[in-house]
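Descriptive structure summary
One letter stands for each residue in the lines below.
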Amino acid sequence: MGVRGSIEGTVVEVGGPYLLEQHAAAELAVAEDWRREGAIILHVLADGEVIGALRLADEIRPESRQAVEALRAAGAQVVMITGDAQAVADTVAAELGIDRVFAGVRPEDKAAKVAELQQEGRKVAMVGDGVDDAPALAQADVGIAIGAGTDVAIGSAGVILASSDPRSVLSVIELSRASYR
């Protein structure tokens, strides 16, 4: 939900919508404009009261776009499962050409989203790098951990990429198909 610290006796927290929910606090008015722009919005609370907001944006790496294009060309449907707000996820998905988005997903619910895709009859290869991805990596038919990720993600996956380059996922698929043949 965010981070919490104490500064001279004041509890200061920074987080997203779930933090605001926890404190039954309203977001700042500027957040609506930022949301339309696809920004990530974090609020700052002091002793449970909103005192500010931060506007962040994900920088999309060129190799991510190339990876999505290559996966789609190989016949894969690309799905994003993220804790980011819907507007942020939609902006990234549109820019990358991602087919389907599950946004606002809490870390503990990512595995359920993978299971939902499997119940649709899909074979799921999940790519992740964080502690929050570990259950989903274990649930997937093939869990692919980014080599620079956390130990728990690496331990939950069946395949570990040596680099952080998302284009390596296509290499895994090609190698698997060649091995199977």
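Just above, that's the structure.
Read on for a plain summary of the structure.

About the criteria used
- Residues numbered from 1 in each chain as written.
- Predicted model: local features only at pLDDT ≥ 70, side-chain atom pairs only at ≥ 80, totals over all residues.
- Heavy atoms only, no water.
- Helix = DSSP H or I, 4+ residues; strand = E, 2+ residues; numbered from the N terminus.
- Buried < 20%, exposed > 50% of the residue type's maximum accessible area, 1.4 Å probe, protein only.
- Contact = heavy atoms within 4.5 Å.
- Areas by Shrake-Rupley, 256 points an atom, 1.4 Å probe, with all protein chains shown as cover.
- Arc of directions from axis to C-beta.
- Salt bridge = Lys/Arg side-chain N within 4 Å of Asp/Glu carboxyl O.
- Pairing = 2+ DSSP bridges.
- Axes fitted to C-alpha atoms, helices over the stretch in contact; angles between N-to-C directions.
- Core = buried A, V, L, I, M, F, W, Y, C linked by side-chain atoms within 4.5 Å.

Right, let's talk about the overall build of the protein for a bit. A count of helices and strands for the protein gives eight helices and nine strands. Overall, the C-alpha framework of the protein stretches about 65 × 30 × 30 Å when taken along its three principal axes. Out of the 181 residues belonging to the protein, those deemed buried represent 37%. Looking at the protein alone, contacts between residues at least 24 apart form 33% of all its contacts between residues at least 6 apart. Working note: accessible area of the protein is about 10300 Å², and carbon and sulfur atoms make up 52% of it.

This part covers helix α4 (residues 86–96). When α4 is considered as a whole, its buried residues turn out to be V88, A89, V92, A93 and L96. Viewed end-on, α4 has its buried residues packed into an arc of 125°, placing them on one side of the element. Buried residues along α4 sit against β3 (40–46), α3 (62–73), β5 (79–81) and β6 (100–102).

Turning our eyes to something else, we now look at the pattern of salt bridges. For the structure on display, the rule yields 14 salt bridges. A salt bridge links R72 to D99; the shortest N-O distance between them is 3.0 Å. With a gap of 27 residues between them, R72 in helix α3 and D99 in the loop between α4 and β6 connect regions that are remote in the sequence. Taking relative accessible area as the criterion, R72 reaches 43% and is therefore assigned partly exposed. The exposure class assigned to D99 is partly exposed, which follows from its relative accessible area of 36%.

Across the sheet, which stays open at both edges, the four strands sit in the order β1-β2-β3-β4 with antiparallel pairing between neighbours. The sheet is open, and its two edges are formed by β1 (2–7) and β4 (49–56), each paired on a single side. Across this sheet, the average inter-strand angle for adjacent strands is 20°, counted without regard to direction. The pairing of β3 with β4 spans seven bridges and is antiparallel.

The phi dihedral of E8 is positive, around 50°, even though this residue is not glycine. Tracing the backbone shows E8 in the loop between β1 and β2 (10–15). The class of E8 is exposed, set by a relative accessible area of 83%. The backbone of D47 sits at a positive phi, close to 50°, despite the residue not being glycine. Here D47 lies in the loop between β3 and β4.

Before going further, it helps to examine the nonpolar core. Burial of nonpolar side chains together is a common tendency in soluble globular proteins. Counting 17 residues, the largest nonpolar core has M80, L96, I98 and L161 as the members making the most contacts within it. Going through the elements one at a time, α3, α4, β8 (142–146) and α8 (168–180) are the ones with two or more residues in this core. With four residues, α4 is the single largest residue contributor to this core. Setting aside anything within four residues of it in sequence, one finds L161 in contact with I144, A145, I146, G147, S168, V169 and V172. If you look at the next biggest cluster of nonpolar residues, it comprises 13 residues, including F102, V105, L117 and A157.

These figures capture arrangement, not role.
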